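Structural characterization, general
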Amino acid sequence: MDKPSDVYFFGTCVVDMIMPEAGMDAMTLLEQQGITVHFPMGQSCCGQPAYSSGHPKEAFEVAKAQLDLFPENYPIVVPSGSCGGMMKHHWPNLFKDSEYESLAKEVAGRIVEFTNFLVAIGYQPVDKSGDKIKVAVHTSCAARREMGVHNTGWKLIDSLENVERVVHDHESECCGFGGTFSVKHPDIAGAMVTDKVAALKDTQAVEIVSADCGCMLNIGGKIAKDEPDMPKPKHIATFLLERTGGKA
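For clarity, every value in this text was computed on a predicted model and none was experimentally measured.

Glancing now at the environment of H170. Note that H170 resides in the loop between β6 (163–166) and α10 (181–184). The class of H170 is buried, set by a relative accessible area of 17%. Along the backbone, H170 and M192 are 22 residues apart, and their C-alpha atoms lie at a distance of 9.7 Å. The contacts of H170, once residues within four sequence positions are left out, are D195, K196 and A199.

This part covers the UniProt feature "domain: Cysteine-rich" (unreviewed entry) in the protein chain. Under the present numbering, the feature "domain: Cysteine-rich" (unreviewed entry) in UniProt falls on residues 7–88 and 135–219. As a span, residues 7–88 carries 48% helix and 11% strand, and end to end its C-alpha atoms are 16 Å apart. Measuring from the first to the last C-alpha atom of residues 135–219 gives 15 Å, for a span that is 52% helix and 14% strand.

Our focus in this paragraph is the packing of helix α2 (residues 20–31) against helix α13 (residues 236–243). Axis separation between α2 and α13 bottoms out at 8 Å; the angle between their running directions is 50 degrees. Considered as vectors, α2 and α13 are oriented oblique to each other. The handedness of the crossing between α2 and α13 is left-handed. Along its contact with α2, which presents E21, A22, D25, A26, T28 and L29, the element α13 presents A237, T238, L240 and L241. The class makeup of the residues in the contact of α2 with α13 is 6 nonpolar, 2 polar and 2 charged.

In the structure shown here, the tally under the stated rule is 1 cavity of 30 Å³ or more. One number sums up the size of the largest cavity: a volume of about 110 Å³. What lines the largest cavity is a set of 17 residues, among which V137, H138, T139, G153 and A211 lie closest to the centre. Element by element, the count of residues in the lining of the largest cavity is highest for helix α9 (residues 150–158), at 4 residues.

Turning our eyes to something else, we now look at the sheet that holds strand β7 (residues 207–210). Strand order in this open sheet of 4 strands is β6-β5-β7-β8, and the pairing throughout is parallel. The sheet is open, and its two borders are formed by β6 and β8 (233–235), each paired with just one other strand. When the angles between neighbouring strand axes are averaged without regard to direction, this sheet yields 40 degrees. With 3 bridges connecting them, β7 and β8 associate as parallel partners. The partner of V209 across the bridge, within β8, is K234. Here α9 sits on the sheet in contact with β5 (133–138), β6 and β7, set at roughly 145 degrees to β6.

Rules used throughout
- Residues numbered from 1 in each chain as written.
- Predicted model: local features only at pLDDT ≥ 70, side-chain atom pairs only at ≥ 80, totals over all residues.
- Heavy atoms only, no water.
- Helix = DSSP H or I, 4+ residues; strand = E, 2+ residues; numbered from the N terminus.
- Buried < 20%, exposed > 50% of the residue type's maximum accessible area, 1.4 Å probe, protein only.
- Contact = heavy atoms within 4.5 Å.
- UniProt positions renumbered as here; feature names shortened; annotations may be inferred.
- Axes fitted to C-alpha atoms, helices over the stretch in contact; angles between N-to-C directions.
- Parallel < 35°, antiparallel > 145°, perpendicular 65-115°, else oblique.
- Left-handed = near helix turned anticlockwise from the far one by under 90°.
- Nonpolar A, V, L, I, M, F, W, Y, C, P; charged D, E, K, R; others polar.
- 1 Å grid on protein atoms, 1.4 Å probe; cavity = no way out; pocket = protein on both sides within 12 Å on 5 of 7 lines; lining within 4 Å.
- Points joined across faces, edges and corners; volume = space filled by probe spheres on them.
- Pairing = 2+ DSSP bridges.

The following block contains the structure:
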């Protein structure tokens, strides 16, 4: 991909309401590449919570409100493999046979997950921190299995000179969040995040990095409750910005 002069940024509802720093850091990193970032103020949710809970009509209405927000032919960068997967792969089906089908397919074709976008435009982070550290990565299920972008996150971290990425025992497994899954099945979700946090702890990593704030919310909550001495999860945008000297 040639580096575009402009992109849209879809912040996701979790970033907007709970972890705005991750979104701001992602946009800062994009702007540091000489890209003008457009943030449509009317954006809200991609519709995934309703869609994955078996409520397609409600998901349709939520997603429909986003379709007209990206009129220019710019890439739409999403700092979440989960939300990116919904918009890229499920919107065409959600709007099939409706008056919005063509527009939904066009918008879906411009969706690109944040780490994938950085790699595609040739971004190569330069580690300006002299601290040698171990980092454990958590990749969301959708980022790994739907978007196939776990490799791009790894590539960005592996390119940092003083960072060692350690693979944990449950890296390919779900953290148990799954949006409404963790609400509907708390016992199962609780057991899953317990296993995930235990595996992360075993790595003795000093940073835990993810590109999905929903997973960070779940893993971070478990850590705060039961393992307060462990590092709190950090979005990869924030981590990259810190290591490259773009953030104090």
